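Here is how the chains run, residue by residue.
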Amino acid sequence: MKRILVTGALGQIGSELVPKLRDIYGDNNVIATDIKNEKQYWQTQSGPYESLDVSNGQALFNLSKKYQVDTIIHLAALLSATAEKKPLLAWNLNMGGLVNALETAKELKCQFFTPSSIGAFGPSTPKEKTPQVTIQRPTTMYGVSKVSGELLCDYYHLKFGVDTRGVRFPGLISYVAPPGGGTTDYAVEIFYEALLGMKYTCYIAKDTYMDMMYMPDALNAIIQLMEGDPDKLFHRNAYNVTAISVQPGDFEKAIKKFLPDFRLDYKIDPIRQAIAESWPNSIDPTVAKQEWGFSVSYDLDKLTQDMLERLQQKFRSNAS
Ligand code: VAH
């Protein structure tokens, strides 16, 4: 990776990935793009920003050519809960954007990353320690688009030699930009509400386990995989990665260590609960460890402490 174009740069991952990539590869070598035309915001940032709708394949190609990029990190997509409400839009955006980005990668000989998700699994997948290679019959439109995306990335690698790489992310916990429209969003909201009102009403049931990971570990995983030795990558699209398997009560306990008055109650959202129940309780990241050295630094207690401290700082600086 030397010159990188990022789509969906204003989303939950992109908002933190772009500054980190700029630190490593240089400000002008990371081209941030998003459908939002937030020029003013990005003018205060250190590198180039372009407004881009990934449904427009020609625009994606033209920008990539203009900046002579050698890597595309394609993040623009609808998350699971929004996709379930607008399935046709999700299919068109998630698959249309992906195929446009892959076509550009093929034409310009770019290295390529796009995230898959634990959403690529379904109710017939083994629920505990879900293996790297297993049954993938998701019952959500998000999952259908993620499995199709994994297959499409494999196809572009096998057929056209595009260096496609990806991970199956679990729920990502972060303090910079909110996720928006996902099933795992509760694991971010709970920290905001704990600090703002000492109370959170969770839309996911008490005993529902899902995998989660802290954003700094997710960003390191993307960079490590992209810098990994191609000869050692056999699974490519896409690797299971995770840090913790948790139910909402686990966050409650962890937050209470710092905020003893915090209270959690429940009001289940049937759509997101059904999605969560169709996903694994825990996935097995062994193959990612073996093929490119995936590892994490944050467990539940460490990420809880960091989230609370960082959010407090954020609230203080927003107030001043
Ligand atoms: C979602 N956070 O909830 C995403 C994710 C693990 C699931 O891909 O839709």
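Everything numeric here is computed off the predicted structure, so don't read it as measured data.

Draft legend 1. The arrangement of the packing of aromatic side chains in detail. Overall, the coordinates contain ten aromatic pairs when judged by the stated rule. When the ring of F191 is compared with that of F251, the centres are 5.9 Å apart and the planes differ by 90°; the resulting orientation is edge-to-face. With F191 in helix α7 (residues 186-197) and F251 in helix α9 (residues 248-256), this pair connects stretches of sequence that are 60 residues apart. With relative accessibility at 0%, the residue F251 sits in the buried group. Aromatic side chains Y214 and Y298 sit 4.8 Å apart centroid to centroid with 65° between the ring planes, which places their arrangement in the edge-to-face category. Taken together, the residues Y214 in strand β11 (residues 210-214) and Y298 in the loop between α11 (286-292) and α12 (300-319) connect sequence positions 84 residues apart.

Draft legend 2. Broad picture of unusual backbone geometry. A cis amide bond links N237 to the next residue, A238, at an omega of 10°. Residue placement: A238 occurs in the loop between α8 (215-227) and β12 (239-240). Positive phi, normally seen in glycine, also occurs at K129, with a value near 45°. Mapped onto the fold, K129 is located in the loop between β6 (116-117) and α6 (141-160). Of the residues examined, K129 reaches a relative accessible area of 60% and is grouped as exposed.

Draft legend 3. Main features of the pattern of salt bridges. Throughout the structure, instances matching the rule amount to twelve salt bridges. Here K232 makes a salt bridge to D229, at a shortest N to O gap of 4.0 Å. Of the charged contacts, one joins E252 and K256 as a salt bridge, the two residues approaching to 3.7 Å between their closest N and O atoms. Of this pair, E252 and K256 both sit in helix α9, four residues apart, which is roughly one turn of that helix. Each of E103, K106 and E107 takes part in salt bridges that share partners, so that together they form one network.

About the thresholds
Residues numbered from 1 in each chain as written. Predicted model: local features only at pLDDT ≥ 70, side-chain atom pairs only at ≥ 80, totals over all residues. Heavy atoms only, no water. Phe/Tyr/Trp six-rings, centres within 6.5 Å; stacked < 30°, edge-to-face > 60°. Helix = DSSP H or I, 4+ residues; strand = E, 2+ residues; numbered from the N terminus. Buried < 20%, exposed > 50% of the residue type's maximum accessible area, 1.4 Å probe, protein only. Salt bridge = Lys/Arg side-chain N within 4 Å of Asp/Glu carboxyl O.

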